[in-house]
Amino acid sequence: MNHSPLPPPVITSLTLGPVELTVSALDRSVAFYQQVLGLTLLSRDGTEATLGLPERPLVALQERPGAQQVQPRSPGLYHLALLLPTRADLSRWVQHAARLGLRLGQADHLVSEAFYLSDPDGHGIEVYRDRPSSEWRWQGGEVEMAGDPIDLDSLLTEPGADVPFTSLPDGTTLGHVHLRVADLAATEAFYAGVLGFDVVSRWPGALFVSVDGYHHHLGLNTWQSQGGALAPEGTSRLTRVTLTVKDIRALHSRLTAAGARFIREGDRLEVTDPAGNRLRIQAGGAA
């Protein structure tokens with residue numbers, strides 16, 4: 001029996017970041033991302049600042065003085081997720097957070113161990129480490145994930161975790177971005193049907209998509225934002241997420257065929273998802 005070859009993946013070698021956010025007080029936010037998360041200030045110009053690792057921008061902040069806190073019932077950022085290279089790295093950061101007196105949420109997702117907090121304006125942040133992909137369990141094309149408690153005793157005694165945390169280690173990336181959306185069916189049609197992401201997990205009110213067999217590059221949920229409208233200008237909010245891919249030609253063709261509105265500037269596409277979340281998709285080598 002002859003089989004047609006599978007079509008090539010639309011998105012390959014995906015790199016995420018920076019995530020662009022508005023904040024109410026730039027000095028306060030820069031201090032938080034440096035002192036709490038260990039990011040490096042890469043640039044600052046007036047009311048804007050970019051932080052991350054050298055040559056890897058992860059978060060871009062723009063000041064809107066007096067902006068209200070994040071509106072959780074509006075589409076936007078649910079959390080950005082900093083992926084640390086090792087479990088020892090995660091343990092060192094958790095101990096650092098404890099010394100600062102921070103209260104963290106936490107979950108063992110089976111594929112990863114994750115801790116949660118918010119920045120001063122209410123933007124959600126996850127700090128996590130992945131388990132080896134050989135330990136991930138797949139069934140029917142979907143990866144098994146959960147929200148179990150982390151074995152903290154084991155984490156805190158992880159070999160190598162006794163070195164004090166000073167900054168994010170080399171190899172830290174923006175592992176995934178989780179967005180609030182307004183309609184899950186329209187969201188799936190856009191991210192899977194138009195952009196070509198693989199659906200890798202479904203939860204009540206949430207969808208997880210990825211490329212290259214990752215457990216998820218994007219989380220998309222309606223838990224608080226079902227039917228919601230974008231937050232107004234005077235609030236702290238997500239303004240854009242950048243995705244860097246190997247090639248944008250196939251994406252350009254799919255967006256055109258779907259009748260989606262987008263702007264192309266050279267090797268860069270600017271597009272908005274059905275909930276109003278703005279994406280910049282640009283061509284380039286994955287970092």
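Residues numbered from 1 in each chain as written. Predicted model: local features only at pLDDT ≥ 70, side-chain atom pairs only at ≥ 80, totals over all residues. Heavy atoms only, no water.

(A) View of the sheet that holds strand β14 (residues 218–221). Read from one edge to the other, the open sheet built from eight strands follows the order β6-β7-β8-β5-β11-β14-β13-β12, with strand pairing classed as mixed. In this open sheet, the two edge strands, each paired with only one partner strand, are β6 (105–108) and β12 (198–203). Taken pair by pair, the neighbouring strands of this sheet meet at an average axis angle of 20°, ignoring direction. Summarising the sheet, β6 and strand β7 (residues 112–118) pair through four bridges and their orientation is antiparallel. Bridge pairing links A107 to A114 in β7. Strands β11 (173–180), β12, β13 (206–210) and β14 of the sheet are contacted by helix α4 (residues 184–194), whose axis makes an angle of about 155° with β14. (Pairing = 2+ DSSP bridges. Helix = DSSP H or I, 4+ residues; strand = E, 2+ residues; numbered from the N terminus. Axes fitted to C-alpha atoms, helices over the stretch in contact; angles between N-to-C directions. Contact = heavy atoms within 4.5 Å.)

(B) Inspection of the pattern of salt bridges at higher detail. All told, the structure shown has 16 salt bridges when counted by the stated rule. Ionic pairing is found between R131 and E113, a salt bridge with its closest N-O pair at 3.9 Å. Of this pair, R131 sits in the loop between β8 (124–130) and β9 (138–139) while E113 sits in strand β7; the two residues are 18 residues apart in sequence, bridging distant segments of the chain. Each member of the pair, R131 as well as E113, carries the same accessibility label: buried. For E270, the salt bridge goes to R240, with nearest N and O atoms at 3.3 Å. Of the two residues, E270 sits in strand β17 (residues 268–272) while R240 sits in strand β15 (residues 238–245), which places them 30 residues apart along the sequence. Ionic contacts of the salt-bridge type, sharing partners, join the residues R87, D108, E113, R129, R131 and E158 into one network. (Salt bridge = Lys/Arg side-chain N within 4 Å of Asp/Glu carboxyl O. Buried < 20%, exposed > 50% of the residue type's maximum accessible area, 1.4 Å probe, protein only.)

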